[in-house]
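Chain by chain, the residues run as shown.
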Amino acid sequence: MQRIEAHASCGGVQEVWQHDASVLGCAMRFGIYLPPQSRERACPVLYWLSGLTCTEQNFITKANAQRYAAEHGIVVVAPDTSPRGDAVADAEGYDLGKGAGFYVDATQAPWAAHYRMHDYVANELPALVEARFPVTAARAISGHSMGGHGALVLALRHPGRYRSVSAFSPIVAPSQVPWGEKAFAAYLGTNRAAWRNWDACALVATAAERLPLLVDQGEADEFLATQLRPELLEEACRAAAHPLQLRRHAGYDHSYYFIASFIGEHMAHHSRALV
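A quick note: this is a predicted structure, and the numbers were derived from the prediction, not measured.

Draft legend 1. Spatial organisation of the packing of aromatic side chains. Within the structure shown, the criterion is met by 15 aromatic pairs. Between Phe30 and Phe133 the ring centres are 6.3 Å apart and the planes differ by 85°, which places this aromatic pair in the edge-to-face class. Placement of Phe30 in strand S3 (residues 26–34) and of Phe133 in the loop between helix H3 (117–132) and strand S6 (135–143) is noted, with a sequence separation of 103 residues between them. On the basis of relative accessibility, which here comes to 0%, the residue Phe30 falls in the buried class.

What follows is the structure, encoded as structure tokens:
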């Protein structure tokens with residue numbers, strides 16, 4: 001492991017680390033905010049998953065989450081969105097390949113060799129964080145857009161792993177929208193039945209744990225009607241009696257201006273579950 005950034009922030013420190021990720025077969029970077037409380041005791045952890053085109057930098061530089069993490073005594077870990085490096089497969093466009101890992105474990109060539117972001121976020125990264133940093137085993141997860149999809153799927157697929165989950169503008173039904181259909185066909189193959197294992201709307205129907213879902217969605221989001229479709233999650237949760245708080249916000253778009261406006265409320269939501 002190599003620390004490549006360290007910045008004092010809100011009484012704590014924002015760091016960026018690089019390590020060799022065995023499950024991905026490449027070097028990976030992640031941001032970690034250590035609140036001031038972590039100097040005295042181990043703290044719970046919130047994992048943040050970013051969206052298409054992002055790296056670990058977007059959230060740590062734009063969301064203003066450090067202020068609230070310091071207030072609540074929460075460590076925040078923000079990994080990159082896909083494997084990186086010259087040996088890693090890529091594609092034309094922003095919505096497949098590097099920067100677009102979709103938090104699935106790919107089964108199709110050439111993606112299967114490196115694109116195992118679900119396994120990385122669920123297993124390898126937490127094991128590393130819990131071995132190297134002053135954290136407890138209490139975990140929460142959140143994310144934005146593609147990362148919101150990842151957060152919901154990880155929470156639903158791993159009952160008991162996370163104490164809380166939230167999402168901003170998530171892709172709730174990737175099997176039914178263009179972004180997801182393109183990525184899933186490439187990473188998972190053309191058998192749509194296999195896609196259901198990576199689709200939050202499908203997973204709520206058989207969820208073994210009724211972990212409440214907190215979702216914030218901007219009504220001025222340019223991707224709302226075509227790629228995000230939160231009404232599908234609303235319908236799926238209603239049918240399964242799965243607890244969902246879906247908050248719609250007039251005037252807000254898909255950007256980090258939206259995330260920064262409500263990240264404090266999400267941090268408070270997670271703090272209540274992590275104590």
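Draft legend 2. How the structure looks around unusual backbone geometry. For the peptide bond that leads from Ala109 to Pro110, omega is 0°, which places it in the cis range. On the secondary structure map, Pro110 appears in the loop between strand S5 (75–79) and H3. For Cys10, which is not glycine, the phi dihedral falls at a positive 50°. Mapped onto the fold, Cys10 is located in the loop between strand S1 (2–9) and strand S2 (12–21).

Draft legend 3. Structural detail: the pairing of strand S7 (residues 164–168). For S7, a buried count of 5 out of 5 residues is recorded, marking the element as mostly surrounded by other parts of the structure. Where S6 lies against S7, 2 bridges are found, and the strand directions are parallel. The residue of S7 that forms the bridge with Ala140 is Ser164. In terms of handedness, the path from S6 via helix H4 (residues 146–157) over to S7 forms a crossover that is right-handed. As paired strands, S7 and strand S8 (residues 213–218) are joined by 4 bridges and run parallel to one another. Each bridged residue has a counterpart across the sheet, and for Ala167 the counterpart in S8 is Val215.

Draft legend 4. Expanded view of the side chain of Gln14. Tracing the backbone through its elements, the reader meets Gln14 in strand S2. Aside from chain neighbours lying at most four places away, what touches Gln14 is Glu5, Ala6, His7, Gly31, Ile32, Tyr33, Ile60 and Gln66.

Draft legend 5. Looking closely at the pattern of salt bridges. Summed over the entire model, instances satisfying the criterion amount to 11 salt bridges. The shortest N-O distance in the salt bridge between Arg247 and Asp216 comes to 2.6 Å. With Arg247 in strand S9 (residues 244–249) and Asp216 in strand S8, the pair connects residues that are 31 residues apart, well separated along the chain. One salt bridge connects Arg247 with Glu265, and the closest N-O pair in it is separated by 2.8 Å. Of the two residues, Arg247 is situated in strand S9 and Glu265 in helix H10 (residues 256–274); the sequence distance between them amounts to 18 residues. In this structure, a network of salt bridges that share partners links the residues Asp105, Arg116 and Asp119.

Draft legend 6. View of the nonpolar core. Phe102, Tyr120, Ile141 and Tyr187 are the most contacted members of the largest nonpolar core, which has 72 residues in total. In contact with Tyr120, not counting residues within four places along its chain, are His19, Ala21, Val23, Leu24, Met28, Phe30, Pro79, Leu125 and Pro126. Residues Phe168, Ile259, Phe262 and Leu274 belong to the second largest nonpolar core, which totals 24 residues.

Draft legend 7. Seen up close, the sheet that holds S7. Strands sit in the order S1-S2-S3-S5-S4-S6-S7-S8-S9 across an open sheet of 9 strands; the sheet is mixed. The sheet is open, and its two borders are formed by S1 and S9, each paired with just one other strand. Going from strand to strand, the sheet's axes swing by 20° on average, the running direction of each strand aside. Its contacts with the sheet put helix H2 (residues 65–72) on S1, S2, S3 and S5, and the angle it makes with S3 is roughly 60°.

Draft legend 8. Quick look at H3. At Leu125, H3 shows its maximal bend, which comes to roughly 30°, and the proline Pro126 appears one to four places after that position. Every buried residue belonging to H3 is among Met117, His118, Asp119, Tyr120, Val121, Ala122, Glu124, Leu125, Pro126, Leu128 and Val129, and all of these are buried. Looking at the buried residues of H3, the elements they touch are S2, S3, strand S4 (43–49), S5, S6 and H4.

Definitions and limits used
Residues numbered from 1 in each chain as written. Predicted model: local features only at pLDDT ≥ 70, side-chain atom pairs only at ≥ 80, totals over all residues. Heavy atoms only, no water. Phe/Tyr/Trp six-rings, centres within 6.5 Å; stacked < 30°, edge-to-face > 60°. Helix = DSSP H or I, 4+ residues; strand = E, 2+ residues; numbered from the N terminus. Buried < 20%, exposed > 50% of the residue type's maximum accessible area, 1.4 Å probe, protein only. Pairing = 2+ DSSP bridges. Right-handed = clockwise from strand over helix to strand, strands pointing away. Contact = heavy atoms within 4.5 Å. Salt bridge = Lys/Arg side-chain N within 4 Å of Asp/Glu carboxyl O. Core = buried A, V, L, I, M, F, W, Y, C linked by side-chain atoms within 4.5 Å. Axes fitted to C-alpha atoms, helices over the stretch in contact; angles between N-to-C directions. Bend = angle between axes of the 7 residues up to and from the residue.

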